[in-house]
Amino acid sequence: MRSTLFGRTGLRVSELALGAMTLGRHETGHAAVRETSGRILDAYLEAGGNFLDTADIYAGGTSETVLGELLGDRRDALVLASKYTCATRPGDVNSGGNHRKNLVQSVEASLRRLRTDRLDVLWVHARDNFTPVEEVMRALDDLVRSGKVLYVGVSDWPAWEIAQASTVAELRGWTPFTGSQLRYSLLERTPERELLPQARAFDQAVFAWSPLARGRLTGRQEEAAVGEADEAELRARETVRAVVEIAREGGWSPAAVALAWLRGRPGNIVPILGPSAPDQLTDALGCLDVELDVDAVDRLDTVSRVPLGFPHDFLRDEAVRETVYGDRWAAIEDRRSTYRRTTSEVL
């Protein structure tokens, strides 16, 4: 497994991350949980992975507890990430949200469960509309300065607000977001409208959760996909069908094909694998050996494409481009662009 950089930082992270949301949920009984989780973790590390992604609410905190028990002296060689925001104590109005009190309490609890003195990455798990971005960014900066958190990222925020928060942080000398986490897959391409351009503009690493669309891109659920469906569902069925057919032709698994497509997207994108069993991880790791040719990529791009909406589709119109750039617009080569051209689209 190769490594990439965590956004604009020098931190090296593996090209696939291991999501720990399912750790601690496998069977009844702590010994069984540890055994299954340990096999998944060992297989991921043996494949060359180094980024572990958990959260304070995963399995009611058990995910962090199990990881803390399993890591041992391997911890320093890994990039350990957790999240805060979501309510963890029923009845406590301040146990959820992005305010300073919940931030400090959540991080202290995560450190105890993970048996470590720092988090390499702390994600803000979701947007809390009650807490001003200035409070969030200043409180995060304080934790970075204390050494309890090394880098900060953001998950499930609107693009404009991520940009606002990062700009405020940079102007005031605080720690900015250097990574963003979002739902992105062949069946969820709407981040291409605003979130991915925002991440590229601020040089943020993008970690894609649910890269297999909750298992649908494995192709195992499609046999029963019949009956009436709206346009979005028909597009989803056609996309899964294309993934399955390309996988069959190449001798790969559908999961590997879907992840290979995602890894080939423009920008610094790291899929988060969320296996609940070792064989699922093996299946997903197969994407490292998949080489999609131009025709396969073009087919997947075309069948899964979603409208970008206004103003993006408007500005793509050839007549509008000529009005904006003049009749020589097609001869302009933007060397700063990270967009990738295929035979069917320009992102």
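Before reading further, recall that the structure is shown in the block above.
Numbering of residues starts from 1 in each chain and follows the order in which that chain's sequence is written. Per-residue local features of the predicted model are confined to residues with pLDDT of at least 70, and side-chain atom pairs are confined, for both listing and counting, to 80 or more; whole-chain, interface and lining totals are unaffected and use all residues. Hydrogens and water are ignored here; the side-chain numbers use all heavy atoms of the structure.

## Observations concerning unusual backbone geometry
For residues other than glycine, phi is negative in most cases, and the peptide bonds are mostly trans.
Inference 1: A cis geometry characterises the amide bond from F310 onward to P311, with omega recorded as 5 degrees.
Inference 2: Position of P311 among the secondary structure elements: in the loop between α10 (294-304) and α11 (312-316).
Inference 3: One non-glycine residue, D156, lies in positive phi territory at about 60 degrees.
Inference 4: With respect to the element layout, D156 can be found in the loop between β7 (149-155) and α5 (159-171).
Inference 5: Phi is positive for R214, which is not a glycine, with a value near 55 degrees. In this text, helices come from DSSP runs of H or I with a minimum length of four residues, and strands from runs of E with a minimum of two, each type numbered from the N-terminal end.

## Some words on the side chain of T85
Inference 1: Here T85 is to be found in the loop between β5 (79-84) and α3 (100-114).
Inference 2: Accessibility here uses a 1.4 Å probe with only protein chains present; expressed as a share of the type maximum, an area under 20% marks a residue as buried, one over 50% as exposed, and anything in between as partly exposed. Looking at T85, the relative accessible area reads 6%, which means it is buried.
Inference 3: Any pair of nitrogen or oxygen atoms within 3.5 Å is treated as a polar contact; in protein, a donor-acceptor pairing is required on top of that, and neighbouring residues in sequence qualify only through side-chain atoms on both sides. A distance of 2.5 Å separates the side chain of T85 from the side chain of N98, its partner in a polar contact.
Inference 4: From its side chain, T85 meets the backbone nitrogen of A126 in a polar contact 3.5 Å long.
Inference 5: For this analysis, residues touch if any pair of their heavy atoms sits within 4.5 Å. Ignoring anything within four residues of it in the chain, the contact list for T85 reads D56, G96, G97, N98, N102, V124, H125 and A126.

## Here we look at the packing of aromatic side chains
Inference 1: Only Phe, Tyr and Trp rings take part, Trp by its six-membered ring, and two of them pair if their centres are within 6.5 Å. Stacked means planes under 30 degrees apart, edge-to-face means over 60, and tilted covers everything else. A complete count under the given rule lists nine aromatic pairs for this structure.
Inference 2: Aromatic pair W123 and F207: ring centres 5.5 Å apart, planes at 65 degrees, arrangement edge-to-face. Residue W123 is found in strand β6 (residues 119-124), and its partner F207 is found in strand β9 (residues 205-209); the two are separated by 84 residues along the sequence.
Inference 3: Relative accessible area serves as the criterion here: at 0%, F207 is assigned to the buried category.
Inference 4: Chaining the aromatic ring pairs together yields one cluster made of F6, F51, W123, Y151 and F207.
Inference 5: For a Lys NZ or an Arg CZ to count as sitting over a ring, it must be within 6 Å of the ring centre and within 35 degrees of the ring normal. Lying across the ring of W157, R127 places its NZ or CZ 4.9 Å from the centre.

## A word on the sheet that holds strand β3 (residues 17-19)
Inference 1: DSSP calls a pair of strands paired once it identifies at least 2 bridges connecting them. If you walk around this closed barrel you meet the eight strands as β3-β4-β5-β6-β7-β8-β9-β10, and the pairing is parallel. Strand-to-strand twist across the sheet, computed as the mean angle between neighbouring axes with direction ignored, equals 30 degrees.
Inference 2: Both β6 and β7 contribute to a ladder of five bridges, which runs parallel. Among the inter-strand pairings, W123 is bridged to a residue of β7, identified as G153.
Inference 3: Between the N-to-C directions of two axes lies an angle of 0 to 180 degrees, each axis being a line fitted to C-alpha atoms and, for a helix, fitted only over the stretch in contact. Set on the sheet, α3 makes contact with β5 and β6; between it and β5 the angle comes to about 140 degrees.

## Considerations on the layout of surface pockets
Inference 1: Put simply, the second largest pocket is a space of about 730 Å³.
Inference 2: Each cavity reported here is a set of points on a 1 Å grid over the protein atoms alone in which a 1.4 Å probe fits but cannot get out, each pocket an open set with protein on both sides within 12 Å along at least five of seven lines, and each lining residue one with an atom within 4 Å of a point. Considering the residues around the second largest pocket, the lining is formed by 28 residues, among which S210, P211, I272, L273 and G274 are closest to the centre.
Inference 3: For the lining of the second largest pocket, the secondary structure elements donating two or more residues are β10 (269-273) and α9 (278-285).
Inference 4: Tallying contributions element by element places α9 first for the lining of the second largest pocket, with three residues.
Inference 5: Taken together, the residues that form the lining of the second largest pocket break down as 11 nonpolar, 11 polar and six charged. Grid points are joined across faces, edges and corners, and a volume is the space filled by probe spheres set on the points. Basically, the charged four are Asp, Glu, Lys and Arg, the nonpolar ten are Ala, Val, Leu, Ile, Met, Phe, Trp, Tyr, Cys and Pro, and anything else, Gly included, counts as polar.

## Some details on helix α2 (residues 62-71)
Inference 1: For α2, the tally of buried residues reaches seven of 10 residues, placing the bulk of the element in the interior.
Inference 2: Buried within α2 we find S63, E64, V66, L67, G68, L70 and L71.
Inference 3: Just past α2, the residue G72 takes up positive phi, approximately 55 degrees.

## Thoughts on the pattern of salt bridges
Opposite charge on two side chains lets them pair, provided their charged atoms get close.
Inference 1: What counts as a salt bridge is simple: a side-chain nitrogen of Lys or Arg found within 4 Å of a carboxyl oxygen of Asp or Glu. This structure, assessed with the given rule, holds 27 salt bridges.
Inference 2: Put simply, R265 and E192 hold a salt bridge, and the shortest N to O gap is 3.4 Å. Here the residue R265 occupies a position in the loop between α8 (254-263) and β10, and E192 occupies one in the loop between β8 (179-183) and α6 (195-201), the gap between them amounting to 73 residues.
Inference 3: Overall, the relative accessible area of 14% leaves E192 in the buried class.
Inference 4: Counted as one network, the salt bridges with shared partners bring together R75, D76, D117, R118 and D120.

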